Amino acid sequence: WLKPPQQLLATMPTSSTLQGAPAVAPTMAWRRSNGTLRRSAGGSRFVRAGVAAGCLVLLLRLVAPGVFVGMGRNSKGSPERRRAATAATATAEVPTEVAAADTISEGEPLHVLVAGAGVGGLALANALDRLPNIKVTVLEKTSEFKRFGGPIQLASNAMQNLKELDAEMYGQIESKATWTGNLTNGIKDGIRSEWYAMFDLKSPAADRSMPFTCVVERPDLQEIMLGSLPAGVVKNGAGVVSYEHAPEEAGVIATLDNGETIYGDVLIGADGIWSATRATMHGNDLRGDGSGASYSGYTVYAGELYYDSPDKGEVGYKVYIGPNQYFVVTDIGKGRYQWYAFLAKPVGTAESEASLKPIFEVDGCAPGNPAYLREVFEGWSHEIHDIIRATRDDEIQQRDLYDRPPSLMKPWHEGRVALLGDAIHAMMPNLGQGGCQAMEDAIVIAEELSAIARRSEVPDALARYKERRLVRSASVQGLSRFASDIIIRGFDTPAKITTEDGIKFENFGYAGIVTRMLQPILPVFFTVQFNFLYNDYRNRFAVDLAAAGGFLALGGLLLLAFSAGIFDAGVLAGLGLEGALTSAEGTGIIETIQSVAPEVDSLL
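As the structure is a prediction and not an experimental result, all values here were calculated from the model.

Trainee: What's the story with the packing of helix α15 (residues 458–490) against helix α17 (residues 522–535) in this structure? I'm lost.
Mentor: Each pair of packed helices can be described by the angle between their axes along with the distance between the axes. Two numbers describe how α15 lies on α17: the axes approach to 11 Å, and their chain directions differ by 145°. Here α15 and α17 pass one another in a crossing that is left-handed. Residues Arg472, Ser475, Val476 and Leu479 of α15 lie in contact with α17, whose contacting residues are Phe525, Gln529, Phe532 and Leu533. Of the residues that constitute the contact of α15 with α17, the class distribution is five nonpolar, two polar and one charged.

Trainee: What am I meant to see in the pattern of salt bridges here?
Mentor: Here the idea is simple: oppositely charged side chains can pair when their charged atoms come close. Evaluation of the coordinates by the stated rule reveals 28 salt bridges. Two residues, arginine 416 and aspartate 265, come together in a salt bridge whose shortest N-O distance is 3.8 Å. Within this pair, whereas arginine 416 is found in the loop between β20 (413–414) and β21 (417–419), its partner aspartate 265 is found in the loop between β13 (261–264) and β14 (266–269), the two being separated by 151 residues in sequence. Of the two residues, arginine 416 and aspartate 265, both sit in the buried class. Bridged by salt links that share partners, the residues Glu164, Glu447, Glu448, Arg464, Arg468 and Arg538 form one connected network.

Trainee: Help me understand the environment of aspartate 271 in this model?
Mentor: Position of aspartate 271 among the secondary structure elements: in the loop between β14 and α9 (276–282). In this structure the C-alpha to C-alpha distance between aspartate 271 and alanine 115, which are 156 residues apart in sequence, comes to 5.6 Å. Side-chain polar atoms of aspartate 271 contact the backbone nitrogen of alanine 276, separated by 3.2 Å.

Trainee: What's the story with unusual backbone geometry in this structure? I'm lost.
Mentor: Note: most residues except glycine have negative phi, and most peptide bonds are trans. Look at serine 193: it is not a glycine, yet its phi comes out positive at around 70°. Counting through the fold element by element, serine 193 comes out in the loop between β7 (184–189) and β8 (195–198). By relative accessible area, serine 193 is classed as buried at 15%. The backbone phi angle of serine 209 is positive, close to 55°, even though this residue is not glycine. Note that serine 209 resides in the loop between α7 (202–207) and β9 (214–217). In this structure serine 209 comes out as exposed when scored by relative accessible area, which is 59%.

What counts and what doesn't
Residues numbered from 1 in each chain as written. Predicted model: local features only at pLDDT ≥ 70, side-chain atom pairs only at ≥ 80, totals over all residues. Heavy atoms only, no water. Axes fitted to C-alpha atoms, helices over the stretch in contact; angles between N-to-C directions. Helix = DSSP H or I, 4+ residues; strand = E, 2+ residues; numbered from the N terminus. Left-handed = near helix turned anticlockwise from the far one by under 90°. Contact = heavy atoms within 4.5 Å. Nonpolar A, V, L, I, M, F, W, Y, C, P; charged D, E, K, R; others polar. Salt bridge = Lys/Arg side-chain N within 4 Å of Asp/Glu carboxyl O. Buried < 20%, exposed > 50% of the residue type's maximum accessible area, 1.4 Å probe, protein only. Polar contact = N/O pair within 3.5 Å; in protein donor to acceptor, adjacent residues only side chain to side chain.

Given below as structure tokens:
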């Protein structure tokens, strides 16, 4: 239902108690949710009573998390029943009433608006579309869908969720997948080309009878997920730019980029790291320094090409580590490969360093980005040089990487509005979990909304969604950033003793020695990591204590190894390594820890 904001607000009842008049029972069953942030028509924000109590409840629930109580129905129902009154288009007729009765039914289904038709938004739409008492409308800003974007990794936790959601849709996705989780995967010495540490993606998935990790072309995944929805669910050219709460918190009014408005019972912001829904909820700028997103300190060059790899389809994913940068190569199927070069650079180097790109070939690498990267990785493995040499300049894209700190104290929801995926927990791409975690969000939201019988219960359902997802998503966020900082600022070429032409000590600096010492520990850490990711993919518990314990032990060991000065400067001084305290590597990791410390400390 669309109409100008003034008309829409005018048709809604207002509370006479706001003017000091005696309270009058509203004509429809609406409920004001304590602790909700209320937005006035002018856009200003008021902190309502109960926020402090809500923070206390959040802390208690983090300390003593509750077990998920109910599961939503997964019955798909008939197309007619599912699509009763689906239209919420720009040409829809204005209704005389804008809110239904409090009770949710097939005749008056809960109307959920989803801002954004990315992986998370489409996963949510598919999950909700199977519920007879819920109607879903996806609002997508692009005017039409085009094949755009490269492959996306779907780890076992995401594939299992898709499999349980819709076996038919999962089968179509599986047919487009290139399996990597059952192949050789690991870390290589970026200088010597030797395997340094393997990570086993296969066993944790096989032990749980879960599909292996795979990669799928993003356009294929989007096409399949769109095709699983009835016509009319997704509205193109309808990007959400802001929202307001309906009077008496009876629903949500979303404003679109064309100036029109649409009313729904619920709004889920699945509109990415630069989320307009989040900006409205948090009162932040949409982009820039005031947006809450921060530059990670890393830029990435990504290449995609047909390549006659010497791995011959036996290696899924390999990471080349070395001083101050790293390089990743992954098999994306059908003779195609994707690679990433992660560099610690200031923001905006795509423009500021454009003049540094060679205009002539370098060692057989094409002018532009290939020749530039060949110089950047001078002295590194010939395997890196070979794949760069095979890549054309127009097959390489550069982008700066942004993420957000875990939203421990920032709201995930406000009344009947909630955030999903990158809108609330944008993360670095190192673990390939961005889309996977968005899918987990979608499943939990669908389960919580399916379990309620009244519209007035929506705020509580969205609060339970946050409770179930907060700690797990924050852990993955932190681990993704931790991996970037450790690999670039901590890991180095492993120390090695060679005996050719006499005994030689190679790279026996502090970072080189520690990198070598951690070699037998990393496979154990990877096992704990993947067990954590695969254990509670349905988010039935707020905290997976067993996996968290393993993370604390092994993660603490890694931090101790690379930033021992934080804990005991005397340890390094006794070893004659006190200089490591002020090294770029140690300083970078210390900064990362300090950057998240205030939010963690605020919960203690």
